[in-house]
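What the coordinates show
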Amino acid sequence: MIIVLRQDASPREIADLESWLHDHGTVTTVIRGEERSVIAVIGAIHFSGKELESHSVVLEVLRISQPYKIASRESGFAPQVKIGNVLVGGPKFLVMAGPCAVESREILLETARRLSEMGVTVLRGGAFKPRTSPYSFQGLGEEGLKLLAEAREETGMLVVTEVMTADKVDLVARYADILQVGARNMQNFDLLKAVAEVDRPVILKRGLAATIDEWLMGAEYILGRNQKVILCERGIRTFETKTRNTLDLNAVPVLKELTHLPVIVDPSHGTGVRRYVLPMSLASMGAGADGLLIEVHPDPDHALSDGAQSLTFAELQRLLKALQSMAPVVGRELELSWRHPEIATSSASPKTQVVYQGEPGAFSETAALAFFGDVKPVGVPAFPNVFEKVASGESAYGVVPIENSLAGSINQNYDLLLEFDLSIVGEVKLRVSHNLLANRGVREKDIKKLYGHPQALAQCDRFLRLHPDWTVYQTYDTAGSVKMIKEQEASDAAAIASLQAAKIYDVDVLAEAIEDNPQNYTRFVVIAKEPRVHDRCDKTSVVFTTPNKPGALFAVLQLIANHEVNLVKLESRPIPGRPWEYMFYMDWEGNIESPNVSAVLGVLPECTETLKVLGCYPSA
Ligand code: PEP
Ligand code: MN
């Protein structure tokens, strides 16, 4: 039973209620939270709810049928654990990564720096290692903890590390931001009681042969005193031998039903095989996990522990990109702190950092957040406004869509790139999923009008053809369409937008994922006033016109081919005021300062009339 207390209950009143409960033969734990205080009552209940409610401090009595009380979803605790600035269990999907073990200062710091550059905010690394063989590397102990603290100091990352015994809890808590209780210790009850006593979030890994109920009972040991518990599925022992463990992703939705505790997945130990980590990470996100714990090593083949399941940096980067594409589809946002270097170092202070076209909840806003991380993008009504704000210096960056994998280019933005003297400094690819949204209570059969951005309408063409009776209105923005039907309290209208917009404007989702093809991606470019070329830039965009004579474009293409520059996109647009003449937009692989690309740019003026470099930036 959970007794929810009035938030203004005095310690005296609570103590009185507790002693009344003790007199009735129960055991109690008081949990005072910022938003909610409760008494968890364990034992046979020989009194009525009425008797209890007569105590003035009692707000509500919750009878919990599960053997675990505080871990139970019915207990009503907030489904989130705060780690640093991140709420795990909310819309953010948290990736924690690092080596299995802290091996040396060089390896740990190199890993921390590389991960931090990729935007990873939590560094893992075992200082005390539970190894199956006593002859294997056992970890550096306190020396390892000191190195983790040094890595945190240098990069600002949070640090998670395993504590194996109750007597080391205080020591580990002195250095770590998050404590990990390993699979082999899930039922080490003394350890569980000890981590309950420190003010640190605890990642409780699932035991190698533990049922979900046993796992939750393990969590219950901690929760009486420390409510910051995160469950980590890391694979269980089955008869299967092709993988190190069997990653039980069933556990994720099951836990989501049973408990409010955040659930993360460790696909490294779950599979034991490096090449299975990416697919199982995506599967974890799809299953509803709140984050991942991943092993990474600069040189996995020579790692002192778990090299076979550790990713290289390049593999982690690939994984982060894949997760970033998938996150919006499942209504999540990847928690990455990576920012454009200029944002971190900018001494100028433009009024806003990032502008996009649309309302909060628009895909462009999601793209801006995906690229910049921790900023507050500002919406403006139309695409030219984005360019104007950046050109005038009012905003440091703008984010605009440039092409969609189903509906093609966003021509207006190509034209604006030519019109304004700005530079592309980055790009983001976002998987876009559209949904049919309407005010609460409105059903599909009530709909007569549909509002949507022309691009969104084009991407949902097949779905719309099923509803020829709807009048379709084009709007300036996906999220803006939702805002409009909401403000009008329309009972006969629907809008096409993201699940994020549905959440922001608190409307119903009548149909999910109505785009013609799930392979629906939009590429956005990030624009700034000045070019910014650095060594991570591996893509160059140009626009040019050719003389109006036979073979003109062919000459350009031949030049590019001769210099072995890979052409990744070619787009032609009419030249304003010159009917039937065209300019060409090209994207090339390669840094503008690389020998091949700079050679092409050196000779290209010989066969073009005009040539403008739009930018050189890291490809998404
Ligand atoms: C680890 O995370 O390095 C570890 C030892 O995990 P587990 O307890 O899941 O085996
Ligand atoms: Mn390991």
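Attention in this report is confined to the structure presented alongside it. (Residues numbered from 1 in each chain as written. Chains lettered and ligands numbered in written order. Predicted model: local features only at pLDDT ≥ 70, side-chain atom pairs only at ≥ 80, totals over all residues. Heavy atoms only, no water.)

**Considerations on the coordination of the manganese ion (ligand 2)**
Surrounding the manganese ion (ligand 2) are the protein donor atoms Cys-100 (SG), His-269 (NE2), Glu-295 (OE) and Asp-306 (OD), which sit 2.0 to 2.4 Å from the metal. All donors to the manganese ion (ligand 2) come from one chain, and their sequence spacing reads C-x168-H-x25-E-x10-D. Residue Cys-100 is located in the loop between strand 7 (92-98) and helix 3 (105-118), and its partner Asp-306 is located in the loop between strand 14 (291-295) and helix 11 (313-326); the two are separated by 206 residues in the primary sequence. (Donors = N, O, S within 2.8 Å, 3.2 Å for Na, K, Ca; no water. Helix = DSSP H or I, 4+ residues; strand = E, 2+ residues; numbered from the N terminus.)

**What about the sheet that holds strand 3 (residues 37-42)?**
One open sheet accounts for 4 strands, arranged 2-3-1-4; its pairing is antiparallel. One side of each edge strand has no neighbouring strand; the edge strands of this open sheet are strand 2 (27-32) and strand 4 (58-62). Sheet twist, expressed as the mean angle between neighbouring strand axes with direction ignored, is 20 degrees. Bridge count between strand 2 and strand 3: 6 bridges; the pairing is antiparallel. (Pairing = 2+ DSSP bridges. Axes fitted to C-alpha atoms, helices over the stretch in contact; angles between N-to-C directions.)

**What to know about the site of ligand 1**
Among the 13 residues in the neighbourhood of ligand 1, the closest are listed as Arg-124, Lys-129, Ala-183, Lys-205 and Arg-234. The contact in question runs from an oxygen atom of ligand 1 to an N or O atom on the side chain of Arg-184, over 2.8 Å. When isolated, ligand 1 has an accessible area of 300 Å², and the protein chains bury 97% of it. Here the residues of the shell around ligand 1 sort into 3 nonpolar, 3 polar and 7 charged. (Near = heavy atom within 4 Å. Polar contact = N/O pair within 3.5 Å; in protein donor to acceptor, adjacent residues only side chain to side chain. Areas by Shrake-Rupley, 256 points an atom, 1.4 Å probe, with all protein chains shown as cover. Nonpolar A, V, L, I, M, F, W, Y, C, P; charged D, E, K, R; others polar.)

**Notes on the sheet that holds strand 24 (residues 493-497)**
Spatial ordering of the open sheet is given by 23-22-24-21-25, a layout of 5 strands whose pairing is mixed. Edge positions in the open sheet fall to strand 23 (471-474) and strand 25 (508-511), since each of these has one partner strand only. Averaged over all neighbouring strand pairs, the angle between strand axes comes to 35 degrees, with direction disregarded. Relative to strand 23, strand 22 (residues 449-452) runs parallel, the two being bridged by 4 bridges.

**Describing the pairing of strand 11 (residues 202-205)**
Burial along strand 11 is two-sided: the face carrying Val-202 and Leu-204 and the face carrying Ile-203 and Lys-205 are both buried. For the crossover from strand 10 (residues 178-181) across helix 6 (residues 189-196) to strand 11, the handedness is right-handed. Following the chain from strand 11 across helix 7 (residues 212-223) to the adjacent parallel strand 12 (residues 229-233), one finds a crossover that is right-handed. (Buried < 20%, exposed > 50% of the residue type's maximum accessible area, 1.4 Å probe, protein only. Right-handed = clockwise from strand over helix to strand, strands pointing away.)

**Topic: the packing of aromatic side chains**
One pair of aromatic rings is described through two measures. These are the centre distance and the angle between the planes. Tallying each qualifying case throughout the model produces 9 aromatic pairs. Three or more aromatic residues joined by ring pairs make a cluster, and in this case those are Phe-371, Phe-372 and Tyr-397. Looking at Arg-36, its charged tip hangs above the ring of Phe-77, at a distance of 5.5 Å from the centre. (Phe/Tyr/Trp six-rings, centres within 6.5 Å; stacked < 30°, edge-to-face > 60°. Lys NZ or Arg CZ within 6 Å of the ring centre and 35° of its normal.)

**A closer look at helix 13 (residues 363-372)**
In terms of burial, helix 13 is a largely internal element, 9 of the 10 residues being buried. All of the buried residues in helix 13 are Phe-363, Ser-364, Glu-365, Thr-366, Ala-367, Ala-368, Leu-369, Phe-371 and Phe-372. Immediately downstream of helix 13, the backbone of Gly-373 shows phi near 75 degrees, a positive value.

**Structural notes on unusual backbone geometry**
Even without being glycine, Asp-306 reaches a positive phi, approximately 55 degrees. The exposure class of Asp-306 is buried, given its relative accessible area of 19%. The phi torsion at Glu-564 lies on the positive side, around 55 degrees, for a residue other than glycine. Among the residues examined, Glu-564 registers a relative accessible area of 68% and is labelled exposed.

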